[in-house]
Amino acid sequence: MRDCEWTLVVPLKPLRAAKSRLAAAVPDADRRALALAFAEDTVTAALAAAAVRDVVVVTNDPLAARRLTALGARVVPDLPDAGLNAALAHGAAALPGRALAALNADLPALRPAELSRVLTEAAGHGRAFLPDAAGIGTTLLAARPPAALAPAFGEASRRAHLASGAVELSTTGVESVRRDVDTAADLRVALALGVGRATAARCGELPGLADALSA
Ligand SMILES: Nc1nc2c(ncn2[C@@H]2O[C@H](COP(=O)(O)OP(=O)(O)OP(=O)(O)O)[C@@H](O)[C@H]2O)c(=O)[nH]1
Ligand SMILES: C=C(OP(=O)(O)O)C(=O)O
């Protein structure tokens, strides 16, 4: 393991399109608000992590760009309709020579100390990733120069990242970094872990959410 200061690259879809798998449980306006709250809590926790130097959000969403800039992130405008891996590669291209970690924007329970532990372990490798809580996807992909990020997010990205030669991290006790929220069931687990202030406030303002989550 080595000391290393990381720049996090956080991709965020336009809020109107984000978190589509929550659409059955949450009305559209609330779903957009929740997606923004998840991103705010992700960025707030990331900026508080000792191993993190700065956070760059790749997004074309104007409201999210304003809110996340106010928290201290830098925003790089996304390419239009190019998809997640293109957005990450575009963000990485704007940050040459840095140790980079792509981190999903839907980690509302993220804890700074857990993120730092994962990044410290990643610093021992050229390119490494952390599988999501389901063991199918990826929540974090890290690369130190001269290794390129080479993101392969999407369906079954754990397998894709392994196949691409990235080292799978097995850091224990970092559930908050692995718990991305795609479904109502994920949100229930994240709420039980303890979410950040934006998500807690937003969930408190949605009167139907408790019923939707227990359905
Ligand atoms: N900038 C950018 N970010 C993206 C894009 N597609 C996905 N993301 C982000 O990548 C992360 C994981 O994305 P997904 O789980 O595929 O999308 P999601 O909006 O979180 O959820 P679903 O709509 O339910 O798939 C989230 O932070 C997304 O906002 C894209 O085309 N551009
Ligand atoms: C895009 C990914 O995440 P999700 O499970 O949120 O779609 C992924 O795991 O590669």
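Please read all numbers here as calculations on a predicted model, not as lab measurements.

Below, the discussion takes up the site of ligand 1. In the vicinity of ligand 1 there are 16 residues, among which Pro11, Lys13, Lys19, Ser20 and Asp78 approach most closely. A distance of 2.6 Å separates an oxygen atom of ligand 1 from a polar side-chain atom of Lys19. Separating an oxygen atom of ligand 1 from a backbone N or O atom of Ala105 is a distance of 3.0 Å. Within the complex, the protein chains bury 86% of what would otherwise be the 610 Å² of accessible surface of ligand 1. Of the residues that constitute the shell around ligand 1, the class distribution is 8 nonpolar, 2 polar and 6 charged.

Take the site of ligand 2 next. Around ligand 2, a shell composed of Arg21, Leu84, Gly137, Thr138, Phe153, Gly154, Ser157, Asp180 and Asp182 is seen. Here an oxygen atom of ligand 2 sits 3.0 Å away from a polar atom, N or O, in the side chain of Arg21. In the complex, 82% of the free accessible area of ligand 2, which totals 290 Å², lies under the protein chains. Along the lines of polarity and charge, the residues of the shell around ligand 2 split into 2 nonpolar, 4 polar and 3 charged.

Strand order in this open sheet of 7 strands is β3-β2-β1-β4-β6-β5-β7, and the pairing throughout is mixed. Looking along the sheet, the strands with just one partner apiece sit at the ends: β3 (74–76) and β7 (167–168). Pairing geometry for strand β2 (residues 52–58) and β3, over 3 bridges, is parallel. Across the sheet, residue Val56 finds its bridge partner in β3, namely Arg74.

Scoring rules and cut-offs
Throughout, residues of each chain are indexed from 1 in the direction in which the sequence is written. The lettering of chains begins at A and the numbering of ligands begins at 1, in the order of writing. With the structure being a predicted model, the display of local features is reserved for residues of pLDDT at least 70 and the display and counting of side-chain atom pairs for 80 or more, all residues being used for whole-chain, interface and lining totals. Water and hydrogen atoms play no part in the side-chain values, which are based on all heavy atoms of the structure. Nearness is defined per residue: one heavy atom within 4 Å of the molecule or strand is enough. Nitrogen and oxygen atoms within 3.5 Å of one another constitute a polar contact, given that in protein one can donate a hydrogen and the other can accept it, and given that sequence-neighbouring residues count only through two side-chain atoms. In this description, accessible areas are obtained by the Shrake-Rupley approach with a 1.4 Å probe, and a residue is regarded as covered only by the protein chains that are shown. Side-chain classes follow a simple rule in which Ala, Val, Leu, Ile, Met, Phe, Trp, Tyr, Cys and Pro form the nonpolar group, Asp, Glu, Lys and Arg form the charged group, and the remainder, Gly included, forms the polar group. Here, any two strands with at least 2 DSSP bridges between them count as paired. A helix here means a DSSP run of H or I that spans at least four residues, while a strand means a run of E at least two residues long, and both kinds are numbered starting from the N terminus.

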